[in-house]
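Listed below are the residues making up each chain.
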Amino acid sequence: MKILIVDDNQMERLFLTTALKRLNYDIVEAANGNEALSILESQNINIIISDWMMPEMDGIELCQRIRARKNSNGYVYVIMVTSRSEEEDLMRGFEAGVDAYLQKPITIKILNVQVKVGIRIINLEQQLNYEKQKVSRFANEMETLANQRAEQLVHSDRMATLGVMAAGIAHEINNPATFINGNIQTFEKFWNIIKDRLSNVNIADQKLAFIIKEMPSLIDGIKSGAGRIQRILKGLKSYARQDSPEFIQYDIHRIIDDALLLCNNSLKYNITITKNFMKDIPSVKCDPQQIEQVLVNIFNNAADAMENISKGSLNITTTHDSRLDSNNQIIVIIEDSGLGLNKETLRNIWNPFFTTKPVGKGTGLGMSISHGIIKSHGGSITAENKEKGGARFIIRLPTYEVA
Ligand SMILES: Nc1ncnc2c1ncn2[C@@H]1O[C@H](COP(=O)(O)OP(=O)(O)O)[C@@H](O)[C@H]1O
Ligand SMILES: [Mg+2]
């Protein structure tokens, strides 16, 4: 506790200082109000014992100025020394912010008691401040949490709406897509017959010759367009699929190998695959087909991200987290040496229809479907950047518990 004594009379100051020093208090002195104010700016003063009657600035004005200060650190307890006892005067002092009075002539005993009361008030005030800070910190945390929760709710609501919409669109487009697909195959067969017949005829018509030449590429165009529509529909359907996974006991390494086989085409040219499989890994509880779909999505994305790299790498690591019963999970880590994920991608990667790929190449459904699948398995999937570039996906799945 630091006490500031303000008095224009040196003898009075000396008396108070000596008495309080003897009681082991830390003392600072000021000979007038201005000096007192500048000490308050530079030092952490807890209690002020000030004389009332002083030239230039009296104790009451000093007190008013102290109370009017902004950004003061902590409460300053003000004790006014006075020989007045008129009720009116004392009231005026209290109104100016005085906390207590010391009547002249001062006795050491009363001085000591008054200072102790001041210390008690200061301590209470500090404690209150501390609690206040704690409460406001807590309130901030709660607000952040509430915001996050609201965002999640909006997100899952949007996902649900999109799911219903996607299912509806897929259903509507499915029929016309099916007959485009079916008819173009028949059309191609018919065309081949026509072409054969025409080859026996000598064609002088330039236009007809041109049509005959162009026909195959037109048919191919329709076929690949229709195929693409079908692929998108498949994505939409599995995004919207409501059916829950059918859990069985399965070997995660087998699923990974199957998925790699499916992606062989996109991975084989420039990418070295390294498998770091844990020996005797416990089996997972999963729907193998759905998990395979997740891995295929991740592998294909990795292949896309490493498309323009002459020597890419794809590392697949598996481990078992057995720290706690509740943590009894299989971990699959997939790392590539591709472009990595920028801020925007990190924020949106799990959102349906988020894609950075050119129109016609990305549907933006792969990661959001994968997220849904892993969640319905009671697991988790996260994406991050590797320290040295490239992306890392971490999948956690529950192990199959033998009852
Ligand atoms: N391994 C990866 N490296 C870099 N970016 C990735 C990777 N995986 C996913 N992404 C980013 O996430 C986006 C969304 O992926 P996805 O949902 O599979 O949709 P799509 O592949 O159709 O774009 C991609 O467009 C890409 O920007
Ligand atoms: Mg993808």
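Residues numbered from 1 in each chain as written. Chains lettered and ligands numbered in written order. Predicted model: local features only at pLDDT ≥ 70, side-chain atom pairs only at ≥ 80, totals over all residues. Heavy atoms only, no water.

**Regarding the overall build of the chain**
Move 1: Broken down by element type, the chain carries 11 helices and 12 strands.
Move 2: The C-alpha atoms of the chain give 40 Å as radius of gyration, which overshoots the globular expectation for 403 residues (22 Å, by more than 25%).
Move 3: Across its three principal axes, the chain shows a C-alpha extent of roughly 135 × 60 × 40 Å.
Move 4: Within the span of the chain, comprising 403 residues, buried residues form 39% of the whole.
Move 5: In the chain, of all internal contacts separated by at least 6 residues, the share reaching a separation of at least 24 is 69%.
Move 6: Separation between the mean location of the 46 positive side-chain charges and that of the 47 negative ones in the chain comes to 8 Å. (Helix = DSSP H or I, 4+ residues; strand = E, 2+ residues; numbered from the N terminus. Rg over C-alpha atoms; globule rule 2.2 N^0.38 Å. Buried < 20%, exposed > 50% of the residue type's maximum accessible area, 1.4 Å probe, protein only. Contact = heavy atoms within 4.5 Å. Lys, Arg positive; Asp, Glu negative; His and termini not counted. Charge placed at Lys NZ, Arg CZ, Asp CG, Glu CD.)

**Section: the domain arrangement of the chain**
When the parts come together, some accessible area is lost, and that loss is often what is quoted as the size of the interface.
Move 1: What the domain assignment lists for the chain is domain 1 (2-106), domain 2 (153-240) and domain 3 (248-398).
Move 2: Spacing between the C-alpha centres of domain 2 and domain 3 amounts to 31 Å.
Move 3: Facing 10 residues of domain 2, the contacting portion of domain 3 comprises 12 residues.
Move 4: Contact between domain 2 and domain 3 buries roughly 810 Å² in total, counting both sides, with carbon and sulfur atoms accounting for 66%.
Move 5: Our count for the domain 2 to domain 3 interface comes out at zero salt bridges.
Move 6: In this assembly, domain 2 and domain 3 are joined by zero residue pairs in polar contact (both at pLDDT 80 or more). (Domains from an automatic or database assignment. Buried area = accessible area lost by both parts, 1.4 Å probe. Salt bridge = Lys/Arg side-chain N within 4 Å of Asp/Glu carboxyl O. Polar contact = N/O pair within 3.5 Å; in protein donor to acceptor, adjacent residues only side chain to side chain.)

**Some remarks on the site of ligand 1**
Move 1: Around ligand 1, the structure places 20 residues, and the nearest of them are Asp336, Thr355, Thr356, Lys357 and Met367.
Move 2: Within the side chain of Thr356, an N or O atom sits 2.4 Å from an oxygen atom of ligand 1.
Move 3: At a separation of 2.7 Å, an oxygen atom of ligand 1 approaches a polar backbone atom of Met367.
Move 4: Compared with its free state, where it exposes 540 Å², ligand 1 has 94% of that area covered by protein.
Move 5: Considering every element that reaches the shell around ligand 1, the biggest residue donor is helix 9 (residues 288-305), with three residues. (Near = heavy atom within 4 Å. Areas by Shrake-Rupley, 256 points an atom, 1.4 Å probe, with all protein chains shown as cover.)

**What about the packing of aromatic side chains?**
Move 1: Taken as a whole and assessed by the stated rule, the structure comprises three aromatic pairs.
Move 2: Seen in terms of ring centroids, Trp52 and Tyr101 are 6.2 Å apart; in terms of plane orientation they differ by 20 degrees. Their pairing is stacked. Of the two residues, Trp52 is situated in the loop between strand 3 (47-51) and helix 3 (59-68) and Tyr101 in strand 5 (residues 100-103); the sequence distance between them amounts to 49 residues.
Move 3: Taking relative accessible area as the criterion, Trp52 reaches 1% and is therefore assigned buried.
Move 4: Of the residues examined, Tyr101 reaches a relative accessible area of 11% and is grouped as buried.
Move 5: Ring geometry for Phe94 against Tyr101: centres 5.1 Å apart, planes inclined by 70 degrees, an arrangement best described as edge-to-face.
Move 6: Among the aromatic residues, those joined into a cluster by ring pairs are Trp52, Phe94 and Tyr101.
Move 7: The ring of Trp52 is capped by Arg84, whose NZ or CZ atom sits 4.5 Å from the centre of that ring.
Move 8: Sitting above the plane of the Phe247 ring, Lys285 keeps its charged end 5.1 Å from the centroid. (Phe/Tyr/Trp six-rings, centres within 6.5 Å; stacked < 30°, edge-to-face > 60°. Lys NZ or Arg CZ within 6 Å of the ring centre and 35° of its normal.)

**So, the pairing of strand 12 (residues 391-398)**
Move 1: Taken across its eight residues, strand 12 has seven buried, putting it largely inside the fold.
Move 2: Pairing geometry for strand 11 (residues 380-385) and strand 12, over six bridges, is antiparallel. When the bridges of strand 12 are listed, Ile381 appears paired with Ile395.
Move 3: Once strand 11 ends, the chain turns through five residues before running back antiparallel as strand 12, passing Gly389 with a positive phi of about 85 degrees. (Pairing = 2+ DSSP bridges.)

**Quick look at helix 9**
Move 1: In a regular helix each residue adds 1.5 Å, so 18 residues correspond to 26 Å; helix 9 covers 25 Å between its end C-alpha atoms and thus fits that length.
Move 2: For helix 9, the buried fraction is high: 13 of the 18 residues fall into the buried class. (Expected span 1.5 Å × (residues − 1).)

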